[in-house]
Amino acid sequence: MTLLFKVPDERASVWKALFAEHAPDIPVRFWPDIGDPAQVRYFAAWQPPADLYERFTELEVVFATSAGVDQFDLAHVPDLVSVVRMLDPGIAQGIIEYAGFAVLGLHRQLPTYLQQQREGVWKAHPLLAASKRRVGVMGLGNLGQATLNTLRPFGFALSGWSRTLKTLPGVQCYGGLEQLPDFLGSCDILLCLLPLTHDTAGILNAQTFAALPAGASLINLGRGGHLVEADLLAALDSGHLAHAIVDVLQEEPPRSDHPFLDHPKIWLTPHIGAMTDPHSAFEVLLENIRRHQRGEDMVGLVEPGTGY
Ligand code: GLV
């Protein structure tokens, strides 16, 4: 019943110590020291090897150490293997901090003021009341909802879009592709927190940007695969979109000549929106292993077919 981790070395030592102290009954190994592949029942990683399912034939559960599970080739998961996404409170905390700084930065026109500073310009612009600033969140899972809860006290006009219609207090909710244009038309700031699935790949594209009000801005905290990067460049260069804050790219790390790296209307960060904290994630992971051992439902189980 071995649990095999594939994580960076500095994290491996933290996980190892946590299991040794709190769950010594669970045999834990760390990539590349995989031992006998037939003993591996649980696998935990952000980036799996390409041959995961062929190599570990007795695998029962794949635990993503990330919120997103798109990297696990969900279309080819064997029937008897479950995939579980990481519902670490540390990830939610990271996302709400990043989303908070990004929305407030755009709301308070920081891109304009930083540009003015570079140009030596001292000039105040009218301040829009938060209640007049329309902030829309795509993806209303635990991260989208945590973000909306954080933004609510500022008084923003909040809306949210998800595949299936949800009801959230104080949030104008839209559901399904047929309601996407209405949602987009009501977003001065659009924040993507969607899972990357077959349906959401490339959803941040020219058509989406055209449906946003002129002068809107984008924050992508989802996956690089959500964004058609050339379409964002076109929308920024035409002036239809004002600014973008991007934490994820199609290809990470980007080539040294990637146009986002020095684009004046893009703030780019290296996929740091949230990082799993092994200390808080440990409790979530251990609870799920115990549930699995008892034959109970695990928390964060990915539903086959939906991709999240
Ligand atoms: C990070 O990108 C995550 O999915 O947790």
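Now for a description of the structure that goes with this document. (Residues numbered from 1 in each chain as written. Predicted model: local features only at pLDDT ≥ 70, side-chain atom pairs only at ≥ 80, totals over all residues. Heavy atoms only, no water.)

## Overview of the layout of surface pockets
It is the rolling of a water-molecule-sized probe over the atoms that shows where space remains empty. Approximately 350 Å³ is the volume found for the second largest pocket. Taken together, 20 residues make up the lining of the second largest pocket; nearest its centre are Leu106, Thr112, Ser217, Ala242 and His243. If you list the elements that add at least two residues to the lining of the second largest pocket, you get helix 4 (110-118), strand 10 (216-220) and strand 11 (241-246). When its residues are assigned to classes, the lining of the second largest pocket shows 10 nonpolar, 6 polar and 4 charged. (1 Å grid on protein atoms, 1.4 Å probe; cavity = no way out; pocket = protein on both sides within 12 Å on 5 of 7 lines; lining within 4 Å. Points joined across faces, edges and corners; volume = space filled by probe spheres on them. Helix = DSSP H or I, 4+ residues; strand = E, 2+ residues; numbered from the N terminus. Nonpolar A, V, L, I, M, F, W, Y, C, P; charged D, E, K, R; others polar.)

## Considering empty space enclosed by the protein
Applying the stated criterion to the full structure yields 1 cavity of 30 Å³ or more. Considered as a void within the structure, the largest cavity measures approximately 40 Å³ in volume. At the level of secondary structure, the elements contributing two or more residues to the lining of the largest cavity comprise strand 4 (61-64) and helix 9 (278-294). Considering each element in turn, the lining of the largest cavity owes the most residues, 3 residues, to helix 9. Looking at the lining of the largest cavity residue by residue, the classes come out as 6 nonpolar, 1 polar and 1 charged.

## Comments concerning the pairing of strand 10
The buried fraction of strand 10 is high, at 5 of 5 residues. Bridging between strand 9 (residues 189-192) and strand 10 involves 4 bridges; their strand directions are parallel. Considered in strand 10, the bridge of isoleucine 189 is made with serine 217. For the crossover from strand 10 across helix 8 (residues 229-237) to strand 11, the handedness is right-handed. (Buried < 20%, exposed > 50% of the residue type's maximum accessible area, 1.4 Å probe, protein only. Pairing = 2+ DSSP bridges. Right-handed = clockwise from strand over helix to strand, strands pointing away.)

## Quick notes on helix 5 (residues 142-151)
Of all the positions in helix 5, only Leu143, Gly144, Ala146, Thr147, Leu148 and Leu151 are classed as buried. Buried residues in helix 5 make contact with helix 3 (89-107), strand 6 (134-138), strand 7 (157-162) and strand 9. (Contact = heavy atoms within 4.5 Å.)

## Regarding the pairing of strand 6
Within strand 6, 4 of the 5 residues are buried, leaving the element largely enclosed by the surrounding structure. Alignment of strand 6 against strand 7, held across 5 bridges, turns out to be parallel. Of the residues in strand 7, the one forming a bridge with valine 137 is glycine 160. Between the parallel pair strand 6 and strand 7, the chain is carried across by helix 5, and the sense of this crossover is right-handed. Where strand 6 and strand 9 come together, 4 bridges link them in parallel fashion. Bridging across to strand 9, valine 135 finds its partner in isoleucine 189.

## Some details on the sheet that holds strand 3 (residues 40-45)
Ordered by their spatial adjacency, 5 strands build an open sheet running 2-1-3-4-5, and the pairing between neighbours is parallel. Of all strands in the sheet, those bounded by a partner on one side alone are strand 2 (28-30) and strand 5 (82-84). On average, adjacent strands in this sheet sit at an angle of 20° to one another, irrespective of strand direction. Each of strand 1 (2-6) and strand 2 is contacted by helix 1 (residues 9-22), which is oriented at about 170° to strand 2, the strand it contacts most. The strands touched by helix 9 within the sheet are strand 1, strand 3, strand 4 and strand 5, with strand 4 carrying the most contacts at an inclination of about 165°. (Axes fitted to C-alpha atoms, helices over the stretch in contact; angles between N-to-C directions.)

## Regarding the nonpolar core
In terms of nonpolar packing, the biggest core is built from 49 residues, with Phe5, Trp15, Phe19, Phe63 and Ile219 touching the most fellow members. Sorting elements by how many residues they give to this core places helix 3 first, with 8 residues. Of the domains in this structure, domain 1 (2-88 + 276-294) and domain 2 (90-268) are the two that each give at least three residues to this core. Setting aside residues up to four positions removed in sequence, phenylalanine 63 forms contacts with Tyr42, Phe43, Ala44, Ala45, Val84, Leu285, Asn288, Ile289 and Met298. Judged by nonpolar contacts, the second largest core, of 27 residues, contains Trp161, Ala216, Leu218 and Leu227. (Core = buried A, V, L, I, M, F, W, Y, C linked by side-chain atoms within 4.5 Å. Domains from an automatic or database assignment.)

## Points about the packing of helix 3 against helix 5
Helix packing for two helices is described by the angle between their axes and how far apart those axes are. As a packed pair, helix 3 and helix 5 sit with axes 9 Å apart at the nearest point and diverge in direction by 50°. In terms of axis orientation, helix 3 runs oblique to helix 5. At the point where helix 3 passes helix 5, the crossing takes the right-handed sense. Across from Ile91, Ala92, Ile95, Ile96, Ala99, Gly100 and Val103 in helix 3, the residues of helix 5 making contact are Leu143, Ala146, Thr147, Thr150 and Leu151. Here the residues of the contact of helix 3 with helix 5 are counted per class, giving 9 nonpolar, 3 polar and no charged. (Parallel < 35°, antiparallel > 145°, perpendicular 65-115°, else oblique. Left-handed = near helix turned anticlockwise from the far one by under 90°.)

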